[in-house]
Amino acid sequence: MIPIKLEIQGLYSYKETQSIDFSQLTAAGLFGIFGAVGSGKSSILEAILLALYGSTERLSDRGEKTSMLNLQSETLLITFEFRAGPNHSKTYLARYSAKRNPKNFEDVRPAEHTFYEKRDGILEPLTQRAEELVGMKKEHFKQTVIIPQGKFREFIDLTPGPRAEMMKELFGLERFDLSSKTGSLLKVVKEEKIRLETQLLALENYSKEILEEKEIQIKEIAFSAEQFELAFIAAETQFSKQEVLQTKNQQLQGYLKEWSSLEEKRAEIVEKKNIWKDFLRAKTYLKPVWNLIKEKQSDLEKFRVSVTDCSRFKEAYELEIAKLEEEELRLKERAEQKSNREAKIRDLKKVMEIQNLMLAVKEAQFLVEKLQPEIEAKTNWLKELESDIKKNESSAEQIALPDLAQMAELKSAIRDWNQWEAQLTKMHSEFKALEASGFEMAKVIQELEKQLPLQKTSFESWNISQKHLLGKLEMEREKLQQKTGLATHLHLLTEGEACPLCGSTTHPHPIEDQEEEAELKANLQEIEAAKILLENITKYARTHSEQKIRFENQLHNQSTKLKDLEAIQSQLGILKESLKAKNLHTKEALSGFIQQTDAGLEKKEALLLTVKASRKKAEESKTALERETIDLRTAEQKLMGLVTTISAKKEEIKDTLFCKPFFEKEADIISQTIQKVQRDIEETTFLLEGKQKVLRETRSKQATNLADLKNFEKSVIETENKIQELKEEFEALKQTHGFQDESALIALFHHSLDADKVDAEIRQFEDRSLLVKSKLEELRGETGVSEFSPETFEQFRSELSEKKLALNAIKKEFTLLDQDIKESKLRWEEKQLLQKKYGKLENRESNLKELDGLFKGNGFVKYVSLIYLKELCNTANLRFMKLTKNSLSLEIDDNNTFWVIDYLNGGKRRLLKTLSGGQTFQASLCLALALAEKVKSLNQADQSFFFLDEGFGALDKSALRVVFETLKSLRHENRIVGIISHVEELQQEIEVHAKVVLDPEKGSQVGYSF
């Protein structure tokens, strides 16, 4: 982390906003921040911690953070700009702000704590906190980057446990905790080994010899299948020819049947064809003229009806217009009185306004009379409440309470005490349960081992010897089976004739058939018994292996549980010793002390809550009193304004005599009168406009009716002439196309014949007749179609079915055997792979067992942590020996404890705590610088920052000079070192520095030496 800029407002003595620009300070490599005691130097480090981690060094997070706000400020605001990340490549801004409650000075509202990343001048909000951005916790940050006042030697004073934990967290040493991982891997390997043994046992019957026998067998079946296939193909060819003849014979029978049907239908088609021709001529030439005559006759009837209607409407319109003109005249006379009646309405509305104002006057007078006594009573009550607040505050100040941090430690201690005791009880019972379970497992293992024969040391050796015995028995079975096979040919042996097997003419010792069969039967029984025993041995071996694994895990769990038990007992002992130093020897004494302190705290908090509630009530009452006083003044002013408005409204009334009686009437009656007059005015206007509109529309309709009457009379004459012309044309067409009988012609017009459909039917009949005739001639001409025999066809079908069944049977046999061979090959390959895996697992199990022994517990992590600490100690000694003029050096032992090698006393060791104050400061400085250097390399940074507050007062001038020279030399290591001090010698030596001065009026003010 490299600081860029810090702005502080309202923190401790910083009243006004002060900006600390670190750019030129850090550029010098070594800079200082100087000022008198109490000027606000250390508050700069406090502000950085507050901006990053939201808490300060001097005050706790609970209850005390309100005291860091300047007493003359309402707002606390800190903004801190810095660089961080890999090689400090990113720029961030941290912002911390808090405000006082305006109603309660002592109450500070919860703070807002936000982070931003600065990219191209734009701030982007972040969800990460300082631990992620800076890369370390607050406690480690205070020991490696910014070391507040009084915390410089904290790293040295840490006990070995917390110091090792710090190294683990800072450098990520948890990655070296491999115990659980190794144990998990070993368990997985053992389980996998058991699984592979089970799988190999299931594949025991698959071998290369059995596979070769099956392959010879499938070749023989394949040859037979080929012969069956040839016979089936020949039969199928003959049957296919018969199928073709059958199909054509069926087609011939179908066409003969269809030709008979067509001949029966031919007379009907001829008749339809004649009707269709007459229908087409009538429809094409005569029907259009006949349709026009009918249309014109219909139009003539419509025109005659329209002439009659228009004549009747002419008289009706004349009477209606005369009536409407008379009604229009009456409405115009009523509308002329509108202005006079509207003036009366305006006066009546003024009367209603005056009545409403009189009611408001009464309400204002009532409010003034009500508010005056209430305001006096609340003023007296406020004085009594302020007196009670002062009494409660005095009582609360008299209650003394211990330090809150100490109380928190004691409460945590009793909670830990109870928790550890409960854990001890639970772990004792769990440990006993584990012991009992382990004892039962040991008994099961012993019972299994009793099954071993006396000469066998393990189930594995017993399994191997049994397999060897079974192999011998199976070889004997094969020999006996061969002899039994030869015995079946004993009847072929004749003395003096050659043996069919060996060719010998003498047969001195022929095989005894009955004896060989007895031996084979006995051998088969022995093999069956050996297989059953082998299965039992395998089952015993698997169960024994599983129980051994479980028993080893159980012993491991017992060991772990015992270590946890001892660790908790040790922690409980340390806790009791620490409480004895505080004169708290028992848990009851500790609990009583906490209860007594809590009771005092509750009493004080209750008093403070009462004061807070009373203050809140007082504030609320003051606000209410101010509001009521304002309401009283407003009501008085409103009363005066209402009286003036009433006088002005009365002067605006025009007809006072008309309005006088209405002052005594209710507002509803006046409103009804106004509404009645307004409705009458509106109704008159609406009726007049409506009558005028109706009159205009009626006159328009009258003109339209007269025009229509003339048009319809003209259309009647024209239509009669057209009808006569069409009738003459129709008679001429009848003579031309030979239709003498008009009634028959009209019947054709109304015929429902579908010409297109009939035409299509006729064409379809003729086309189909030609096609059927052609097909009949073609099929009768083909050889064998007419002579087809169904009985011969069925004989071919039966023969083909038999050959197909035989072929399918041998194919099925071939397929089953082929699948069996493929399955056997897969199983044999699987068996070979499993055997290879099993061998690798045995090697891995051996290696993991050795690693498991190495990584048990946290020993490896502690060992790595100790290496880091020793490297840290070696790095610190490069400066520490120079500071002590080669008289002292630092060392850390295997128990993680710091020692000092005193070369002035023969190189003997003594504890680091025996050093003087100045020497302790030098050792702390060297260790802090070494730790910062390690963190710098961890963050891949080319620059590191180190800020130190005080710590130089214990050094003499000579030691101070050596320390200063050491700090100056850090600039050559690309380090930035900041020092906060009031020592004058340092101010003279460090040229680049900031000066903090406390101004009585403005608070802390920051200036620079440049």
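Note that the structure is a prediction, hence the values are computed from the model and not measured.

A word on the overall build of the protein. Within the protein, the secondary structure is distributed over 22 helices and 16 strands. Scored against the burial criterion, the 1010 residues of the protein give a buried share of 34%. Considering only contacts in the protein between residues 6 or more positions apart, those separated by 24 or more positions represent 76%. Carbon and sulfur atoms form 52% of the exposed surface of the protein, whose accessible area is close to 62,400 Å².

A few words on the nonpolar core. Counting 49 residues, the largest nonpolar core has L6 and F141 as its most contacted members. Considering every element that reaches this core, the biggest residue donor is helix α2 (residues 42-53), with nine residues. Residues I156, L872, A876 and L931 belong to the second largest nonpolar core, which totals 21 residues.

Moving on to the sheet that holds strand β10 (residues 888-892). As summarised here, the arrangement of the three strands in space is β10-β11-β12, forming an open sheet in which the pairing is antiparallel. The sheet is open, and its two borders are formed by β10 and β12 (908-911), each paired with just one other strand. In this sheet, neighbouring strand axes are inclined to one another by 35° on average, regardless of whether the strands run parallel or antiparallel. The pairing of strand β11 (residues 898-902) with β12 spans four bridges and is antiparallel. Looking at the pairing, W899 lines up with L911 of β12.

Take the packing of aromatic side chains next. Each aromatic ring pair is specified by the distance between its two centres and by the angle formed by the two planes. Applying the stated rule across the entire model yields five aromatic pairs. With a centroid separation of 5.3 Å and an interplanar angle of 20°, the aromatic rings of F80 and F82 are classed as stacked. We classify F82 as buried; its relative accessible area is 0%. In textbook terms, an aromatic cluster arises when at least three aromatic residues are bridged by ring pairs, as seen for F22, F31 and F947. Above the ring of F313, the side-chain terminus of R312 is found at 5.3 Å from the ring centroid.

A word on α2. Relative to the 16 Å expected for twelve residues at 1.5 Å per residue, α2 spans 16 Å between its end C-alpha atoms, a close match to the ideal helical length. Burial analysis of α2 places twelve of its twelve residues in the buried class, which makes it a mostly covered element. Three or more residues of α2 are buried, namely S42, S43, I44, L45, E46, A47, I48, L49, L50, A51, L52 and Y53. G54, located one to two residues past α2, shows a positive phi value of around 75°.

As a further point, take the packing of helix α9 (residues 338-397) against helix α15 (residues 667-737). For the pair α9 and α15, interaxial distance at closest approach is 10 Å and the crossing angle is 160°. One element, α9, and the other, α15, form an angle in the roughly antiparallel class. For the pair α9 and α15, the crossing hand works out as left-handed. Each of K338, R341, E342, I345, L348, K349, V351, M352 and Q355 in α9 lies in contact with α15, whose residues at this interface are A667, I670, S671, T673, I674, V677, Q678, D680 and I681. Here the residues of the contact of α9 with α15 are counted per class, giving nine nonpolar, four polar and five charged.

It is worth spelling out the layout of surface pockets at this point. By volume, the second largest pocket is sized at about 930 Å³. For the lining of the second largest pocket, the elements supplying multiple residues, two or more each, are α7 (179-202), α11 (459-487), α12 (513-580) and α18 (790-855). Sorting elements by how many residues they give to the lining of the second largest pocket places α12 first, with eight residues. Looking at the lining of the second largest pocket residue by residue, the class counts come to nine nonpolar, eight polar and 14 charged.

The rules behind these values
- Residues numbered from 1 in each chain as written.
- Predicted model: local features only at pLDDT ≥ 70, side-chain atom pairs only at ≥ 80, totals over all residues.
- Heavy atoms only, no water.
- Helix = DSSP H or I, 4+ residues; strand = E, 2+ residues; numbered from the N terminus.
- Buried < 20%, exposed > 50% of the residue type's maximum accessible area, 1.4 Å probe, protein only.
- Contact = heavy atoms within 4.5 Å.
- Areas by Shrake-Rupley, 256 points an atom, 1.4 Å probe, with all protein chains shown as cover.
- Core = buried A, V, L, I, M, F, W, Y, C linked by side-chain atoms within 4.5 Å.
- Pairing = 2+ DSSP bridges.
- Axes fitted to C-alpha atoms, helices over the stretch in contact; angles between N-to-C directions.
- Phe/Tyr/Trp six-rings, centres within 6.5 Å; stacked < 30°, edge-to-face > 60°.
- Lys NZ or Arg CZ within 6 Å of the ring centre and 35° of its normal.
- Expected span 1.5 Å × (residues − 1).
- Parallel < 35°, antiparallel > 145°, perpendicular 65-115°, else oblique.
- Left-handed = near helix turned anticlockwise from the far one by under 90°.
- Nonpolar A, V, L, I, M, F, W, Y, C, P; charged D, E, K, R; others polar.
- 1 Å grid on protein atoms, 1.4 Å probe; cavity = no way out; pocket = protein on both sides within 12 Å on 5 of 7 lines; lining within 4 Å.
- Points joined across faces, edges and corners; volume = space filled by probe spheres on them.

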